[in-house]
Amino acid sequence: MSTAGKVIRCKAAIVFEAKKPFSIVEIEVAPPKAHEVRIKILATGICRTDDHVQAGALKVNYPVVAGHEAVGVVESVGEGVTSVKPGDKVIPLCLPQCGTCRPCRNPEGNMCEKNDFLAAKGVMYDGTSRFSYKGKPVHNFVNTSTFTEYTVVHEDSVAKIDPAAPPEKVFLIGCGFSTGHGAATKTAKVTPGSSCAVFGLGGVGLSVLMGCKVAGASRIIGIDINKDKFPLAKQLGATECVSPLDFKKPINEVLLEMTDGEGVDYSFEVIGRIDTMIAALASCNLNYGVSVVVGAPPSAAEMTLSPTLIFTGRTWKGSVFGGLKSKDDIPKLVLDLMAKKFNLDPLITHVLPFDKINEGFDLLRKGESIRTVLKM
Ligand code: PAD
Ligand code: ZN
Ligand code: ZN
């Protein structure tokens, strides 16, 4: 029997307030309104950004259904939806692409003005939510919310993908892989023969590393305080790995020594800490080096640094969602996956049922997992 037009009762993992574990409860998911799409989630990944939500490091409105890296099938669509139809396999887009705002129209832009990263309102465009628990509204997260059996997103936040794409792999294109790969290939535009340093070797950092390798970098230095991450980093293309804990001097000085005082051509911060953002900047060449911030900074953080770091010519950039135009670029990356242009298997270290979401986050916090996929 069709569920279109009806409220769906289903399981979701809610964070009721910061620092509280995910609670699996039954919520109500309202039908999609005009230009909205209701999606049945098939598989969703655990990204560090969701941990920031649970830890209270990112500004969000609670209670919230987090989760933003997933794949699903369209269950029903609201009036006026043209780009997807019921039954289509889709990836929800945490960074929307409305196609009409200035960043969407600028060839170099991708921070669609419909994004909810900064305002973090946690509601649909009309200011209301499609989720409720015991009659009270529950917020969404970055226009997606995938820690639920069903979600509702705006049509700007969903991309139709190849129906044959395997859910337990392709979910990673919804955030981690695309963010890292794009940061190297699109934001930094890593050049053949160049040297790169990647700070943080989690799911996103390893994807940066894969992007550097594809772009032809000849030297890729991986940096992490957890040496258990080194073997996989080397398998994926790191030429060397170092731990800042092995040195008395700051890690940027270590990297300068490793590069005969030159610094690397490209550096990437993929942790989300102020000190490592500055260390990554100081590690790239003082004149033509490019440093990219990928790690999500705590919402309340501020930084101070010597202006000389920039004065000599370094370029410092941020990269959200790998600089990709989400609705256009995600289906293409899925086709590349299907054509075996890259392999996501090494990044997916754990598979758990959705109910074990807290266990999945523990694995991430203990540094034991790269990516855990939750199957619905
Ligand atoms: P992760 O926790 O799997 O990886 C982070 C890695 O950093 C781990 O291996 C840690 O051991 C390592 N680390 C921690 N502290 C240090 C330190 N002081 N020095 C060196 N290494 C350290 O996270 P992830 O890969 O899922 O995400 C990484 C960051 O990227 C995180 O801040 C997340 O919020 C952010 C992110 N940004 C975007 C975006 O669009 N910009 C998208 C997705 C994730
Ligand atoms: Zn993410
Ligand atoms: Zn836009």
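Above this text you will find the structure in question.
**Quick notes on the pairing of strand β11 (residues 195-199)**
Right, so step 1: Burial analysis of β11 places five of its five residues in the buried class, the great majority of the element.
Right, so step 2: Here β11 shows no split at all, with S195, A197 and F199 on one side and C196 and V198 on the other all buried.
Right, so step 3: By the bridge criterion, five bridges tie β11 to strand β12 (residues 219-223) in an arrangement that is parallel. The residue bridging A197 from the neighbouring strand is I221, located in β12.
Right, so step 4: For the crossover that starts at β11, traverses helix α5 (residues 203-214) and ends in the parallel β12, the hand is right-handed.
Right, so step 5: In this sheet, strand β14 (residues 266-269) lies alongside β11 in parallel orientation, the contact comprising four bridges.

**Here we look at the site of ligand 1**
Right, so step 1: In the neighbourhood of ligand 1, 28 residues make up the surrounding shell, with R48, T49, D224, I271 and V294 lying closest.
Right, so step 2: Between an oxygen atom of ligand 1 and a side-chain N or O atom of H52, the distance comes to 3.0 Å.
Right, so step 3: The protein chains hide 90% of the 870 Å² of surface that ligand 1 would expose on its own.
Right, so step 4: Listed by contribution, the elements that provide at least two residues to the shell around ligand 1 are α1 (48-55) and α5.
Right, so step 5: Its residues assigned to classes, the shell around ligand 1 comprises twelve nonpolar, eleven polar and five charged.

What counts, and at which threshold
Residues numbered from 1 in each chain as written. Chains lettered and ligands numbered in written order. Predicted model: local features only at pLDDT ≥ 70, side-chain atom pairs only at ≥ 80, totals over all residues. Heavy atoms only, no water. Buried < 20%, exposed > 50% of the residue type's maximum accessible area, 1.4 Å probe, protein only. Helix = DSSP H or I, 4+ residues; strand = E, 2+ residues; numbered from the N terminus. Pairing = 2+ DSSP bridges. Right-handed = clockwise from strand over helix to strand, strands pointing away. Near = heavy atom within 4 Å. Polar contact = N/O pair within 3.5 Å; in protein donor to acceptor, adjacent residues only side chain to side chain. Areas by Shrake-Rupley, 256 points an atom, 1.4 Å probe, with all protein chains shown as cover. Nonpolar A, V, L, I, M, F, W, Y, C, P; charged D, E, K, R; others polar.

Just geometry here; none of it tells us what the structure is for.
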